[in-house]
Amino acid sequence: MVNAEVTYRACDSEYNRLELGSDAGGPKQEIGIVIDNGFMAQTIAKIRLSAPYIAQNTRPGQFVHLRLPGLEAHILRRPFSVYAADARNGEIQLLYQTVGLGTEHLSTLPNGTHVDLIGPIGRGWQPPRDAKRVLLVGGGLGVAPLYSLASTFTTETEVHLVMGAQSADRLICWKPFSTYITEPCLHITTDDGSAGQHCFTTKAVKDLLEIGAFDYIATCGPEPMQKSVAALAAEHQTFCEVSLERRMACGIGACLSCVVNTTSGLQRACVDGPVFNAQEVIW
Amino acid sequence: MSKRGLLGDPTGHSDDHSLGSVDLSVNLGGLQMRNPVTVASGTFGNGKQYAEFFSLDRLGAITTKGVSLEPWIGNDNPRIAETASGMLNSIGLQNPGVETFISEDLSWLTNQDVPVIVNVSGHSASEYLAVIERLEAVETIAAYELNISCPNIDCGGMSFGTDHQAAFSVTQLCRQKTGRPLIVKLTPNVTDIGEIAKAVEAAGANAISLINTVLGMAIDSRRRKPVLARKVGGLSGPAIKPIALRMVYEVHQQVQIPLLGMGGICSAEDAIEFMLAGATAVAIGTANFTNPYSAPAVVDGLREYCAEQGISRITELTGALQ
Ligand SMILES: Cc1cc2nc3c(=O)[nH]c(=O)nc-3n(C[C@H](O)[C@H](O)[C@H](O)COP(=O)(O)OP(=O)(O)OC[C@H]3O[C@@H](n4cnc5c(N)ncnc54)[C@H](O)[C@@H]3O)c2cc1C
Ligand SMILES: Cc1cc2nc3c(=O)[nH]c(=O)nc-3n(C[C@H](O)[C@H](O)[C@H](O)COP(=O)(O)O)c2cc1C
Ligand code: FES
């Protein structure tokens, strides 16, 4: 399914399986220390930080609010999903795309840099406990919060992943997923056909839903994609969760800069989300 | 890990007895505060979010988000934009209305052993009045802060705070309804801040808070579009501190009532600058977003500054600019 000619830089796999659940500790400020930081593909980088409290308490789908060290004139923190967390070693990983000043700066931080974090924040994924067949749909960097979710399912559950990117060189980090998802369940799409199927993720999702039923769909990525996936899920009466991005100031529920319109009124993406029941979102 | 703990409160709440002799208490127009530090309306939620980080009784007072008579849904997304040393916001005073505010927010907040200042907004003088009338029934409120930067629908949408007559009349009407300390919060988007300050003093305000956000705009050059859905918004953070200091300084020279200074305060040094310019108390706003411990850190820093400088009562600093 994956074009063999594309070379992928290795992502380290074998991270601890994250537990779902709500008994974890709430957000705290923690000074993380950069252990490793570097590009994996053009504009896509990964940073590994020592942050024991956050590592021990993060649930899949939660995020950290990161203050840019050495850029104090940039007063707002930047939110990033926790891509992976290792409670034993007290480490977390973030996968990020350099899209602006803050993320460009982040990519230059040398090992040993102290990074002020608040986390873990937000409502994570809430898959049904007895889900037998689940579908994860990640567009671009939207795969970041899906990796730790993939790790929570047992072998009883058949987990499919649709992962889309513009082109093969931006299609990163499918490899670690193979720890949890077997080859026939990995569905890669690229907009230009340079790897996997030559189509948008939503086309692949549509096809899969027509072949067989799923108990749960989780999606993250560009909002139009999430909206389409949510519509497909509704058509097939499948429980679906989306993870929404909003500009955030406080990140802890105080400032109302991050609201999402839902059937139960305006909700805050930072603490009421970022994961929402797709049927409750008013797009 | 140097001075900042790895986890939790990096300010290391000082119970240091050598600093115990400094009297940090102030009286802001009848509102007695154990120290001169409160938070700026709209930047601290209903307090609960920050109580996860520190005990609210370390502050001199808590100022709530703006509350209106009916629920306000606020503006569309994006509501914020980062700018050089600051941010723009166009939240649009989203709030659930005074009834829900009382039952859901106030009941918790007024049990935190810290005076509560309720920030009041309205689209007409009668809306301000109705909110205050309703809040008068709640015994635990310590003071009101009238946000007169709101657009006045009876007056073509112009802000109450940009017209000295409108500022006078809305203050006077509210004054007649309450014996509680009444703080009036001024907008900096005016030609002569002193004129507005004198008007609200004459109308019976007990104190003045300043400044609210400075009207601004951010544009995305690639998309050729404004960043904010509402196109314009209020600038806050360190970028506005020089404007705020100048306005506190000017108003201090023109009125007798005490001032609550705010605008870009991030540290105890910033707070002291506002006090020297004439503020009796200060509010921490946008800095809460950068660092949730900002407000208690300012309290600790003020105590240290006074100890270092041999100041026994912090009120000595107010207007002490040489
Ligand atoms: C809950 C959540 C999880 C996220 N997880 C990831 C992740 O795992 N990997 C990743 O690469 N990105 C993630 N993002 C997006 C990431 O926060 C932005 O790309 C980043 O803030 C851009 O900062 P900048 O300084 O480089 O860009 P600039 O454009 O210079 O930023 C200017 C301002 O806009 C804000 N901003 C810009 N783009 C976004 C955006 N898409 N979402 C929210 N705020 C934005 C910035 O935070 C900053 O305040 C996430 C966003 C949210 C809300
Ligand atoms: C997100 C946000 C929401 C605000 N909401 C209110 C409000 O509801 N009522 C009000 O009087 N001022 C409001 N303000 C203004 C602040 O209280 C304060 O006057 C201003 O931000 C300047 O202080 P600062 O630079 O320390 O933030 C808000 C400011 C921000 C940034
Ligand atoms: S970012 Fe402040 S409420 Fe969500």
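Note that this is a predicted model, so its numbers are computed, not measured.

Chemist: Would you mind going over the confidence of the model for chain B in detail, with residue names and values included?
Modeler: All names here are of chain B. Taken as a whole, chain B shows an average pLDDT of 93; of its residues, 93% reach a score of 70 or greater. Low pLDDT (under 50) marks residues 1-6, which in the prediction has 15 contacts with non-local residues, meaning those over four places away or in another chain. Across the interface, the model reports ipTM at 0.92; the global pTM reads 0.93.

Chemist: Can you lay out the confidence of the model for chain A for me, pointing to particular residues and giving the numbers?
Modeler: Fine structural detail should not be taken from predicted coordinates in areas where pLDDT scores are low. Averaged over all residues, the pLDDT of chain A is 89; the fraction at 70 or higher stands at 92%. Confidence drops under a pLDDT of 50 for residues 1-18 of chain A, and excluding neighbours within four residues, the segment shows 57 contacts in the predicted structure.

Chemist: Report on the packing of aromatic side chains, specifying residues and quantitative values.
Modeler: Residue and element names in this part refer to chain A. The final tally for this structure, using the stated rule, is 10 aromatic pairs over all chains. Between the aromatic rings of Tyr83 and Tyr147, the centroid separation amounts to 4.8 Å while the plane-to-plane angle is 20°, which identifies the pairing as stacked. Residue Tyr83 is located in the loop between strand 4 (78-81) and strand 5 (84-86), and its partner Tyr147 is located in helix 3 (residues 144-150); the two are separated by 64 residues in the primary sequence. Here the two residues Tyr83 and Tyr147 agree in accessibility, since each one is buried. A centroid spacing of 5.6 Å and a plane angle of 50° characterise the contact between Tyr147 and Tyr180, whose relative ring orientation is tilted.

Chemist: Can you lay out the interface of chain A and chain B for me, pointing to particular residues and giving the numbers?
Modeler: Contacts between the two partners involve 31 residues from chain A, matched on the other side by 36 residues from chain B. Note on chain A versus chain B: buried area summed over both sides is about 2,800 Å², and carbon and sulfur give 62% of it. Put simply, chain A and chain B have 1 salt bridge between them. In this structure, Glu82(B) and Arg78(A) form a salt bridge, with 2.9 Å as the shortest nitrogen-oxygen distance. Inspection of the region where chain A meets chain B yields 11 residue pairs in polar contact (both at pLDDT 80 or more). Contributions of two or more residues to the side of chain A that touches chain B are made by strand 1 (28-41), strand 7 (114-121) and strand 15 (265-268) of chain A. The element contributing the most residues to the side of chain A that touches chain B is strand 1 of chain A, with 5 residues. Partitioning the side of chain A that touches chain B into residue classes produces 17 nonpolar, 5 polar and 9 charged.

The rules behind these values
Residues numbered from 1 in each chain as written. Chains lettered and ligands numbered in written order. Predicted model: local features only at pLDDT ≥ 70, side-chain atom pairs only at ≥ 80, totals over all residues. Heavy atoms only, no water. pLDDT = per-residue confidence, 0-100. Contact = heavy atoms within 4.5 Å. Phe/Tyr/Trp six-rings, centres within 6.5 Å; stacked < 30°, edge-to-face > 60°. Helix = DSSP H or I, 4+ residues; strand = E, 2+ residues; numbered from the N terminus. Buried < 20%, exposed > 50% of the residue type's maximum accessible area, 1.4 Å probe, protein only. Buried area = accessible area lost by both parts, 1.4 Å probe. Salt bridge = Lys/Arg side-chain N within 4 Å of Asp/Glu carboxyl O. Polar contact = N/O pair within 3.5 Å; in protein donor to acceptor, adjacent residues only side chain to side chain. Nonpolar A, V, L, I, M, F, W, Y, C, P; charged D, E, K, R; others polar.

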